[in-house]
Amino acid sequence: MIPLRDTVPTKTYPVVNNTIIVINVIIFLYQLTHQVGVEKFIYIYGLVPARYSIPQISAYFTTFQQVFSLFSFMFLHGGFWHLLGNMWSLYIFGDNVEDRLGHVRYLLFYIICGLASGLSHMLLNLNSNIPTIGASGAIAGVMGAYFILHPRARILTLIPIFFIPYFLEIPASFFLGIWFVLQFINAAGSHGQASGVAWWAHIGGFVFGILFLKILLALPSASPPEKFRRATERKKSPRLQVIRPVGSGPAPHLYGTISITPHEALTGTRKLVNIPWGFHKRLYRVLVPAGMQEGHKLRLKGLGKQVETGERGDLYLKVLIRA
């Protein structure tokens, strides 16, 4: 299952979340320049529990190096697919958590989730001399927060079956719940870090993400400067939208809604809409012309119900303008 996007819109651009993604990519590119001594590089900047529990090993590192590794490990990755999987998950779930917490609190939340996930792994693998790297623990914290904030959201998921793409909407609570159970099963069935994956870091991140979310929500949020607030407000709605058309009786035409922002209503925009078709869904491109007003309808010819003559009705999308 490949998650594509969630169905919860955000009011602001995820400035911090996108910055974290960019930093991870830059550090990964920098990491590639150390291919000759990559093992030494990862041992120094990764999280190695034995460096903290075995005095003979910790003696080789300064106090700064020991503290720095508690944070630097969450910005290193073992390969392109490791990086892509982590950043894609962060891209899908992080924007909504940042939108709820605010930029400053979200940055603090992400860092302490990563730290807590690393400490969880260390406590359960005290003498392990295998470096742990990756943003998975911090992202697990983000997923835990999303699980609490948007349990009724739905995740648009791509399931390729025999090279045929099927698009399904899966409840976020089910998607994240299954993910957490799988982490726990893998952790219980693994011996230390023999599998090469720090399962307990994922579990710790997820659990602490829920805990830290509740703590941070109880703290007052610092209001950003007005100019910054206006600059981070979203001017565009999600490019990919899910349409749930309805019809009345035997009438061939179907009706749905599409959401755009005031800026898009003024300038026009293009959207990808996901429409149910049989047992799966298909994507269609929709052009929203400039000058749209609330309540105007877009006609998608031939996307309605099929009548006895074999002809198809049309799908009409009512335009909703949302700030």
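Summary of the structure given here. The structure displayed is predicted, hence computed values, not measured ones. Along each chain, residue indices are assigned from 1 in the same order as the chain's sequence is written. In keeping with the model being predicted, local features are shown solely for residues with a pLDDT of at least 70 and side-chain atom pairs are shown and tallied solely at 80 or more, while totals for entire chains, interfaces and linings include all residues. No hydrogens and no water enter the side-chain calculation; it runs on all heavy atoms of the structure.

Structural notes on the pattern of salt bridges
- Whenever Lys or Arg places a side-chain nitrogen within 4 Å of a carboxyl oxygen from Asp or Glu, that contact is recorded as a salt bridge. A full pass over the atoms with the stated rule returns five salt bridges.
- The closest approach of N and O atoms between Arg-154 and Glu-169, which form a salt bridge, is 3.1 Å. With a gap of 15 residues between them, Arg-154 in strand S2 (residues 154-161) and Glu-169 in strand S3 (residues 164-171) connect regions that are remote in the sequence.
- Only protein chains enter the calculation, and the probe is 1.4 Å; a residue is then buried if its accessible area is under 20% of its type maximum, exposed if over 50%, and partly exposed in between. According to the relative accessible area criterion, Arg-154 is partly exposed, its value standing at 31%. The numbering of helices and of strands both runs from the N terminus, where a helix is a DSSP run of H or I of at least 4 residues and a strand a run of E of at least 2.

What to know about helix H6 (residues 80-101)
- Multiply 1.5 Å by the residue count of a helix minus one, and that product is the helix's expected span. A rise of 1.5 Å per residue sets the reference length of H6, with its 22 residues, at 32 Å; its end C-alpha atoms lie 30 Å apart and thus fit the reference within 8%.
- Considering bend angle alone, the principal kink of H6 is centred on Phe-93 and spans about 40 degrees.
- Among the residues of H6, those classed as buried are Leu-83, Asn-86, Met-87, Leu-90, Ile-92, Phe-93, Gly-94, Asp-95, Asn-96, Val-97, Glu-98 and Leu-101.
- Taken from the residues just after H6, Gly-102 is the one with a positive phi, measuring 95 degrees. The angle separating two fitted axes, one through the seven residues that finish at a residue and one through the seven that start at it, defines the bend at that residue.

Side note on the packing of aromatic side chains
- Note on aromatic contacts: the rings of Phe and Tyr and the six-membered ring of Trp form a pair at centre separations within 6.5 Å, being stacked when their planes are under 30 degrees apart, edge-to-face when over 60 apart, and tilted otherwise. Taken as a whole and assessed by the stated rule, the structure comprises 15 aromatic pairs.
- Taken together, the aromatic side chains of Tyr-30, Phe-41, Tyr-45, Phe-64 and Phe-68 make up a single cluster linked through ring pairs.
- Here Arg-51 stacks its cationic end above the ring of Phe-61, 3.9 Å away from the centre of that ring. We call a charge positioned over a ring when the NZ of a Lys or the CZ of an Arg lies within 6 Å of the ring centre and within 35 degrees of the ring normal.

Here's the deal with the sheet that holds S2
- Each pair of strands is called paired provided DSSP finds at least two bridges between the two strands. With antiparallel pairing, the three strands of this open sheet are ordered in space as S1-S2-S3. Sheet topology places strand S1 (2-6) and S3 at the edges, where each strand pairs with a single neighbour. The average undirected angle you get between the axes of adjacent strands in this sheet is 30 degrees.
- Pairing geometry for S2 and S3, over eight bridges, is antiparallel. Within S3, the residue paired with Leu-156 across the bridge is Glu-169.
- Of the strands in this sheet, S1 and S2 are in contact with H6, which crosses S1 at around 25 degrees. Between the N-to-C directions of two axes lies an angle of 0 to 180 degrees, each axis being a line fitted to C-alpha atoms and, for a helix, fitted only over the stretch in contact. Here, two residues are considered to be in contact whenever any of their heavy atoms come within 4.5 Å of each other.

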